[in-house]
Amino acid sequence: MKNLILEAQNLRVDFSEKTVLNDLNFDLEKGSFLSIVGENGVGKTTFIKVLLDEIKPSSGKVNFLPDRKQVKIGYVPQFRNIDDEYPLSIKDFIALNFNERKLPWLSIKERKTLNHVLKQTKLEKIKNEPLGKASGGEKQRVYLAQALVMQPNLLILDESTASLDPASKEDLLNLIKELNREENLTIIFVTHDIQLAKNYADKYLFLKSDGYEQGQISKLKEQEFWEDDAHV
Ligand SMILES: Nc1ncnc2c1ncn2[C@@H]1O[C@H](COP(=O)(O)OP(=O)(O)OP(=O)(O)O)[C@@H](O)[C@H]1O
Ligand SMILES: [Mg+2]
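The structure presented is a predicted model; accordingly, all values stated were derived computationally and were not measured. (Residues numbered from 1 in each chain as written. Chains lettered and ligands numbered in written order. Predicted model: local features only at pLDDT ≥ 70, side-chain atom pairs only at ≥ 80, totals over all residues.)

Caption draft 1: Quick look at the nonpolar core. Within the largest apolar cluster, 60 residues are counted, with the highest numbers of intra-cluster contacts made by Leu 34, Ile 94, Val 142, Ala 145 and Ile 156. Broken down by element, the residue count for this core peaks at six residues, all from helix H4 (residues 136–148). Both domains that meet at this core, namely domain 1 (1–71 + 153–232) and domain 2 (83–151), each give it at least three residues. Apart from residues lying up to four places away in sequence, Ile 156 is in contact with Ile 48, Leu 51, Ile 73, Tyr 75, Val 76 and Ile 188. (Core = buried A, V, L, I, M, F, W, Y, C linked by C-beta atoms within 7 Å. Buried ≥ 20, exposed ≤ 12 C-beta atoms within 10 Å, placed from the backbone. Helix = DSSP H or I, 4+ residues; strand = E, 2+ residues; numbered from the N terminus. Domains from an automatic or database assignment. Contact = placed C-beta atoms within 7 Å.)

Listed below in structure tokens is the structure:
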């Protein structure tokens, strides 16, 4: 029997102008590394927002297993609004994500988790610097760190590598793959970089304007992806 973390059943999302997800049936096994691909506007972020309960499906549903309470989602969104003058230090920004903060300062346990995550994401040396001054690659690691401090068992990254140079992309993906392998963290990674998906993911969900495809990443044909893109 499959050990699932979530399943989507007959999922459909209608916006006033168009239907973006139509009768999507999909399941995800614990510990998998899924890449969601597809052209702009096809519904990748919408699907993520349904998982986060930020968008209600028009019909169908998502089930988390064994139940919603036991699936902790860490989310790195597609867009962030951090300008050069952003005042918080890297470590204070990461600490914003400790949920259920009761105290204005960090508990011993929270401090331990924060230090562990700073080490994992290789941010120890620059933890006291202002986030606004960090490079694009460093910022992405900070956003990942912020998602990790809540100790998720499902990590969702929406286009987190889009603005990175090839070496920084590999660095970030290596780190995510390590978390996937060593901590059995389930990963959902949205990307337009099909080669990156092939190098790191084990499953794919290919959303299209007229349907979807899913399977083992080795079966995803690069050519087909670009052919579909060319229709736009
Ligand atoms: N709240 C909303 N109300 C109306 N339309 C919306 C809403 N959210 C998304 N859409 C539309 O739904 C479609 C899918 O958007 P979505 O952001 O899911 O695409 P995407 O696959 O993530 O694209 P990209 O690759 O550009 O990030 C788009 O046409 C978008 O304009
Ligand atoms: Mg998107």
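Caption draft 2: Up close: H4. Taking 1.5 Å of rise per residue, the 13 residues of H4 would be expected to cover 18 Å, and the 18 Å separating its terminal C-alpha atoms lies within 8% of that figure. Among the 13 residues that make up H4, 10 are buried, leaving the element largely enclosed by the rest of the structure. Buried within H4 we find Lys 139, Gln 140, Arg 141, Val 142, Tyr 143, Leu 144, Ala 145, Gln 146, Ala 147 and Leu 148. Where H4 is buried, its residues touch strand E5 (73–76), helix H2 (90–95), helix H3 (108–120), strand E6 (154–158) and helix H5 (166–182). (Expected span 1.5 Å × (residues − 1).)

Caption draft 3: Region of interest: the domain arrangement of the protein. Taken domain by domain, the protein holds domain 1 (1–71 + 153–232) and domain 2 (83–151). Once you take the C-alpha centre of each, domain 1 and domain 2 turn out to be 26 Å apart. With seven residues of domain 1 at the contact, the number on the domain 2 side is seven residues. Of all the elements, H5 adds the most residues to the side of domain 1 that touches domain 2, at three residues.

Caption draft 4: The arrangement of the site of ligand 1 in detail. Taken together, Phe 15, Val 20, Gly 38, Asn 40, Gly 41, Val 42, Gly 43, Lys 44, Thr 45, Thr 46 and Gln 78 are the residues near ligand 1. At three residues, the largest contribution of residues to the shell around ligand 1 is made by helix H1 (residues 44–51). Classifying every residue of the shell around ligand 1 by side-chain character gives three nonpolar, seven polar and one charged. (Near = placed C-beta within 6 Å. Nonpolar A, V, L, I, M, F, W, Y, C, P; charged D, E, K, R; others polar.)

Caption draft 5: Representation of the sheet that holds E6. Reading across from one edge, E5-E6-E7-E3-E8-E9 is the order of the six strands in this open sheet, with mixed pairing throughout. This sheet does not close on itself; its edge strands, each paired only once, are E5 and strand E9 (211–216). Adjacent strand axes in the sheet meet at a mean angle of 15 degrees, parallel and antiparallel pairs treated alike. Pairing of E5 with E6, which is carried by four bridges, proceeds in the parallel orientation. Paired with Ile 73 across the strands is Leu 154, a residue of E6. The strands that H1 touches are strand E3 (33–37), E6, strand E7 (186–190) and strand E8 (203–208); relative to E6, the one it contacts most, it runs at about 150 degrees. (Pairing = 2+ DSSP bridges. Axes fitted to C-alpha atoms, helices over the stretch in contact; angles between N-to-C directions.)

Caption draft 6: Inspection of unusual backbone geometry at higher detail. A cis amide bond, omega 0 degrees, links Leu 65 with the succeeding residue Pro 66. By the secondary structure assignment, Pro 66 is in the loop between strand E4 (59–64) and E5. The backbone of Asp 23 sits at a positive phi, close to 60 degrees, despite the residue not being glycine. As for its placement among the helices and strands, Asp 23 is situated in strand E2 (residues 19–29). Positive phi outside glycine occurs at Lys 122, with the angle close to 55 degrees. Relative to the helices and strands, Lys 122 resides in the loop between H3 and H4. Under the C-beta neighbour-count criterion, Lys 122 is labelled partly exposed, with 13 such atoms within 10 Å.

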